[in-house]
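Read off the chains here:
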Amino acid sequence: MDSRAQLLAASCRVGFAALVHDVGKFFERTGEVPPEKLGNVATYCPSWEGRHSHQHAAYTGMAIDAMEKIFLPPLKGTGMTPFEDRDSVINGAAMHHKPETPLQRIIATADRLASGFERESFDRYNRAGEDEGVRKANYRQVRLWPLLETLKQNHEPNHRLPLHPLAPEFLYPVSRTEIPDAEAKKEYQALWTKFLQGLERLERSPRWQDDQWPLWLDHFDSLYLTFTHAIPSATVTRGPEGFKQIPPNVSLYDHSKATASLAVALWRHHEALGSVAEGFAEAGWQGHWDRVETPEFLLVQGDFCGIQEFIFSGGGASDKGAAKMLRGRSFEVSLLTELAALKVLEAFELPGISQIINAAGKFLIVAPCLPDAEARLERIRRELDPWFLTHAFGQGGIVLASTRARRSDFQTQPFKELMERLFRDLDRRKRRRFDLCGLCDVMVFDHDYAHGVCSRCGQAPAMKDEKCARCAAQLEIGDKLVKERLLRIGKGGKGGVEWLGYRIGFGDEDVGFVVRAWDLAPAQDGRAPLWNGRARREINGHVPKERGEIRTFEEIAGLGVVEDAKGTRRGVAALGILKGDVDDLGTLFKDGLQEPTFARMASLSRQLNAFFTTGLAWHCARKFPDTYTVFAGGDDFFLVGPWWSQMRLAREMQQEFQRYVGNNPEVHFSAGVAMTKPGIPVPALVGLAEAALHGAKKNPGKKSITCWKQTVDWHTFGKMLDAEKELHDVSEGLSTQHDVELSTAYLYGLLRLCEMAGSDIPEDAIWRSWFTYRTWRFVVDKLRQVDREEQRQEIYRKDFAVGIGGKISQYKEKYKIALFAYLYKRREVSK
């Protein structure tokens, strides 16, 4: 291997040691080895007044031994740089509470920084395990607090995350209950057994070489997420005077990954300067580990700008092929973001675990602050910008921002300013996107339009088949996404497509030397772990399929027409476009966490993204299989489906999201629903949804939805869908019992009465009289089989005066949502 590959392998070893530094907490809680039979306590655990605390460190050594019996990369022997002499990977992981070497102190420092500790508070925490004044909960019985439920709240949450592997149905918190110790022990034992079984399934080469470290560690990262995402990292509830409670709202995974990213950056910074031994010598470290003023970290933020323009640009219609192409474009956004992040990681010789956030076209990487760090980033920018200009006409691009950080910046109070500093640089660079003055050689595109313009995007030069090369690739990718479950990224090879210097292939396509391999398979069982032996990426949302092919938008729209009990085809062949995002997300991230830390921020981003990727995809697969996911992730979503099902999906999504955030009233989203015929240009389709969402966002307090130009809160929207059902029931009752229907003329007249009911014009107050007159004339007087006047009066009072009329009086124009829905559902389709 060359020197850069060797440096990357060494970084992987440091990252792995830091990632599993607390795996002993996992193993300890199984109870398989009681404390009295625990070995290496004196080696790994600190001692206070003759007693050893933090015994999980000793369990970490035992846990790694158990994992090594199944398979781990070589951790001992020669060539284990940087773990040499007294160091080893196992000791680097287990000695974080009693560090004795520079590398061990690096991991110990990263552990503290990830939690936002300063030296004084950490010293109190480190003694908390043995202090007489400490009250600790039974660490096995403590369950993870849902972080989203705690945002902007000052009380203990009412829910807990279930202790299960990551799976769609186990994403949601459950009501808080007391768990007996015996049951808690069994849960941990079952989880540990499944973790080891998962490790046995982890894909690896039969002949290990150090250049396989990055790929293997990426797989292990997904494995560790799957089985530790619901384990609380901290369970100490109260310590001596001055010791602040540590709420168990950060998972073992999120804390561990934050620690790993910081440890790698710390080591790489000092390794580059030749100051590892000096910077982490015992004499100076113990009292000043948090007071180093030299920037050692570089936070790199990547952001895909212009996602909507990139996906929806062009004049193509939403007809046959459009669904497949949008699928390819949406996937392209996710994949290009991943590739840009991979370029940053490779430029700094970093493993995948240094990428701490990855969601919805955004990523955050913890890199070392190196003398040439900015030059490395600039080289990547000089590669990304021309690629997006020539391949996408500048309709999208990835911006890289960065800011240097000191250790003290990761403490609770300065952390907010650190992130604001990063966001300010990101905003500045967004405004200078592409640096066109510096890239004058690609400002004029040399293209040959001998075959005309592309029939799909209406912009790029077409090939002989009337499509441009980019659209052809997107159609091909959209097709393969439905059929293939494995995506590989490599260097060299002749298969697949080439993007940003990488070869992208599905299945067994030749991509050369594989640097990443991702499982894209959708969940088949809501309770089964999302682990198939490889690193997993949730970038392949749900799409409706028929006989293995993506359904066209025309086919999806046609599902809005159904046969009633009499065999009459009713409804409208129309698409429902559902677009939405979380309200005031920036404020939630900035002010929602009472004590923001690096690990909590990463956890918050991951959990929010999981709802819109994993949770939503599973919900659509089970209950709304005809829904097409254009994109969903981060905090937003864009879905297409039969118009009526999208309205019901919107309601259920809101209910599921509230369940996901533990009914936190401060965390909510808004949405817009638009109804359109298939075949209109895609940009117009997007514009309708965007206008509806904009209307919802203008509602005071937001947490609203706009439908048919009516903006209502979510509670009212649910009432309108219920009201549509009531209209259907009234109509069915009249039809079956009295052979009378609510005529279209009568229903359209109600729309005008809704407007009058919401009007401030005095003359419009007559709407009630009009309602009574029209109802008797068009409906009640036609009940010829009802002879008794009292019976007619009761039908009018119950179904109309109280029912429909009461709803118009209460909801006014908002009642149009129920009326339009019923009108479109009952419309008879001509043969």
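Further up the page is the structure itself.
All figures in this text were calculated on a predicted structure; none of them were measured in a lab. (Residues numbered from 1 in each chain as written. Predicted model: local features only at pLDDT ≥ 70, side-chain atom pairs only at ≥ 80, totals over all residues. Heavy atoms only, no water.)

(A) Layout of the pattern of salt bridges. Going through the model one piece at a time under the given rule, you end up with 64 salt bridges. A salt bridge links Lys697 to Asp581, with the nearest nitrogen and oxygen atoms 2.5 Å apart. Separated by 116 residues along the polypeptide, Lys697 in helix 23 (residues 682–698) and Asp581 in strand 20 (residues 575–582) bring together distant segments of the chain. With a shortest N-O distance of 3.1 Å, Arg651 and Asp722 are connected by a salt bridge. On the criterion of sequence distance, the pair formed by Arg651 in helix 22 (residues 643–660) and Asp722 in helix 24 (residues 714–738) is long-range, its members being 71 residues apart. Ionic contacts of the salt-bridge type, sharing partners, join the residues Glu374, Glu378, Arg381, Arg382, Asp425, Arg428 and Arg429 into one network. (Salt bridge = Lys/Arg side-chain N within 4 Å of Asp/Glu carboxyl O. Helix = DSSP H or I, 4+ residues; strand = E, 2+ residues; numbered from the N terminus.)

(B) The arrangement of the packing of aromatic side chains in detail. Throughout the structure, instances matching the rule amount to 48 aromatic pairs. For the pair Phe71 and Trp208, a centre-to-centre distance of 6.2 Å together with 55° between the ring planes defines the contact as tilted. Of this pair, Phe71 sits in the loop between helix 4 (56–70) and helix 5 (89–94) while Trp208 sits in the loop between helix 9 (181–201) and helix 10 (213–228), and the two are 137 residues apart along the sequence. For the pair Trp770 and Tyr773, a centre-to-centre distance of 6.1 Å together with 80° between the ring planes defines the contact as edge-to-face. Separated by 3 residues within a single helix, Trp770 and Tyr773 lie in helix 26 (residues 767–778), roughly one turn from each other. Tyr773 gets classed as partly exposed once you look at its relative accessible area, which sits at 44%. In this structure, Arg659 packs its charged tip against the face of Tyr172, placed 3.8 Å from the ring centre. (Phe/Tyr/Trp six-rings, centres within 6.5 Å; stacked < 30°, edge-to-face > 60°. Buried < 20%, exposed > 50% of the residue type's maximum accessible area, 1.4 Å probe, protein only. Lys NZ or Arg CZ within 6 Å of the ring centre and 35° of its normal.)

(C) Structural detail: the sheet that holds strand 14 (residues 513–519). Reading across from one edge, 12-13-11-14-15 is the order of the 5 strands in this open sheet, with mixed pairing throughout. Both edges of this open sheet fall to strand 12 (497–499) and strand 15 (535–536), since each of them pairs with a single strand only. One ladder, built from 3 bridges, connects strand 12 with strand 13 (residues 502–506); its direction is antiparallel. When the bridges of strand 13 are listed, Trp499 appears paired with Tyr502. Packed onto the sheet, helix 10 meets strand 14 and strand 15 and runs at close to 10° relative to strand 14. Helix 15 (residues 322–347) rests against strand 11 (486–491), strand 12, strand 13 and strand 14 of the sheet, and its axis sits at about 135° to strand 13. (Pairing = 2+ DSSP bridges. Contact = heavy atoms within 4.5 Å. Axes fitted to C-alpha atoms, helices over the stretch in contact; angles between N-to-C directions.)

(D) Quick look at the packing of helix 25 (residues 744–757) against helix 27 (residues 789–811). Contact geometry for helix 25 and helix 27: axes closest at 9 Å, N-to-C directions at 55°. The angle between helix 25 and helix 27 places the two elements in the oblique class. Along its contact with helix 25, which presents Tyr746, Leu750, Leu753, Cys754 and Ala757, the element helix 27 presents Phe800, Ile804 and Ile808. In the contact of helix 25 with helix 27, the residues fall into 8 nonpolar, no polar and no charged. (Parallel < 35°, antiparallel > 145°, perpendicular 65-115°, else oblique. Nonpolar A, V, L, I, M, F, W, Y, C, P; charged D, E, K, R; others polar.)

(E) Inspection of unusual backbone geometry at higher detail. That bond from Thr81 to Pro82 is cis: its omega, 5°, falls within 30 degrees of zero. Relative to the assigned elements, Pro82 resides in the loop between helix 4 and helix 5. Non-glycine residue Ala360 carries a positive phi angle of around 50°. Relative to the helices and strands, Ala360 is located in the loop between strand 8 (355–359) and strand 9 (362–368). Judged by relative accessible area, Ala360 falls into the partly exposed class, the value being 33%. In the Ramachandran plot, Trp708 falls in the positive-phi region, its phi being about 50° despite a non-glycine side chain. Here Trp708 lies in the loop between strand 24 (704–707) and strand 25 (710–713). Judged by its relative accessible area of 18%, Trp708 is buried.

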